[in-house]
Amino acid sequence: MGAGRVGLALVLGAGIGCAHLGASRPDKPVLAAGKYAVESIRSRALEGTDQLIEISETGTRLTDATGAEHVLTQRGALILSENGTCRLALAVSVDGEEPGISDRACRWSMEGDRFLLGDATGAGTRTVYAVRRTGERVVLEGMSDVDPQGNVVGDARGERIVLVQRAPEYAGRSVDRTSEGQATREIQEYLHDL
């Protein structure tokens, strides 16, 4: 994969993690510790631009600055541990080439029906997501970015992560739902080593 395409894939993965507080308390958590497949993710793609890009397992068509069209396909996993640590791993392939892989350690918490996701140190900006369950899917809708003191420092509206929880016995196995078999194998091997 060309350096520009690897950079794009890594920027997409790195852009995940910032959102608004104030939530109601559901009786049982909509999102809890476990292994989730990342079905799709919509995030700000490039620094300095307000453009949102959504990539999914089925592929997303994008046009670059030169007018050339590309297909981005992602495969990923979010692993949430009971102790508040997590890992977000994404493999993003451009036009069927070898995927660029982003593997980020992170911290997470639930405050009512709000999911907070930030860097592994817990000292940086976190993104607050509204959480809702739709069938077997958990949809995280970006609300705002907050600093460690809980002050809103940015707008995360428009960002979204769609998760599908995997049963423990199947969480580490490949489920090839895309035409990007290589990306699927790569992320499964990578996640197995985490």
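All of these numbers come straight from a predicted model, not from anything done at the bench.

The next point concerns the nonpolar core. Membership of the largest hydrophobic core comes to 25 residues, with the highest contact counts inside it found for Leu31, Val38, Leu78, Leu80, Phe115, Leu140 and Leu163. Top contributing element to this core by residue count: strand β5 (residues 85–94), with five residues. Aside from chain neighbours lying at most four places away, what touches Leu163 is Leu31, Tyr36, Ala37, Val38, Leu78, Glu136, Arg137, Val138 and Leu140.

The next point concerns the pattern of salt bridges. Per the counting criterion, the structure on display carries 11 salt bridges. Among the ionic pairs, Arg137 bridges to Glu39, the shortest N-O distance being 2.7 Å. Residue Arg137 is located in strand β9 (residues 137–146), and its partner Glu39 is located in strand β1 (residues 34–44); the two are separated by 98 residues in the primary sequence. On the basis of relative accessible area, Glu39 is assigned to the buried category, the value being 16%. For the salt bridge of Arg160 with Glu141, the shortest nitrogen-to-oxygen distance reads 3.9 Å. Here the residue Arg160 occupies a position in strand β11 (residues 160–165), and Glu141 occupies one in strand β9, the gap between them amounting to 19 residues. A network of salt bridges, in which partner residues are shared, links Arg42, Glu54, Arg132, Glu141 and Arg160.

Attention now moves to the pairing of β1. Buried residues dominate β1, accounting for eight of its 11 residues. Where β1 meets strand β4 (residues 69–80), five bridges bridge the pair, whose relative direction is antiparallel. Residue pairing in the sheet places Gly34 in a bridge with Leu80 of β4. Summarising the sheet, β1 and strand β2 (residues 52–56) pair through five bridges and their orientation is antiparallel. Its bridge partner being in β2, Ser40 is matched across the sheet by Ser56.

Take the confidence of the model for the chain next. Mean pLDDT for the chain: 76, with 67% of residues reaching 70 or above. Contacts from residues 1–26, a stretch scored under 50 in pLDDT, to residues over four places away or in other chains number 84 contacts. Note on residues 168–180: pLDDT under 50 across the span, and 22 contacts to partners over four residues away in sequence or across chains.

Conventions and cut-offs
Residues numbered from 1 in each chain as written. Predicted model: local features only at pLDDT ≥ 70, side-chain atom pairs only at ≥ 80, totals over all residues. Heavy atoms only, no water. Core = buried A, V, L, I, M, F, W, Y, C linked by side-chain atoms within 4.5 Å. Buried < 20%, exposed > 50% of the residue type's maximum accessible area, 1.4 Å probe, protein only. Helix = DSSP H or I, 4+ residues; strand = E, 2+ residues; numbered from the N terminus. Contact = heavy atoms within 4.5 Å. Salt bridge = Lys/Arg side-chain N within 4 Å of Asp/Glu carboxyl O. Pairing = 2+ DSSP bridges. pLDDT = per-residue confidence, 0-100.

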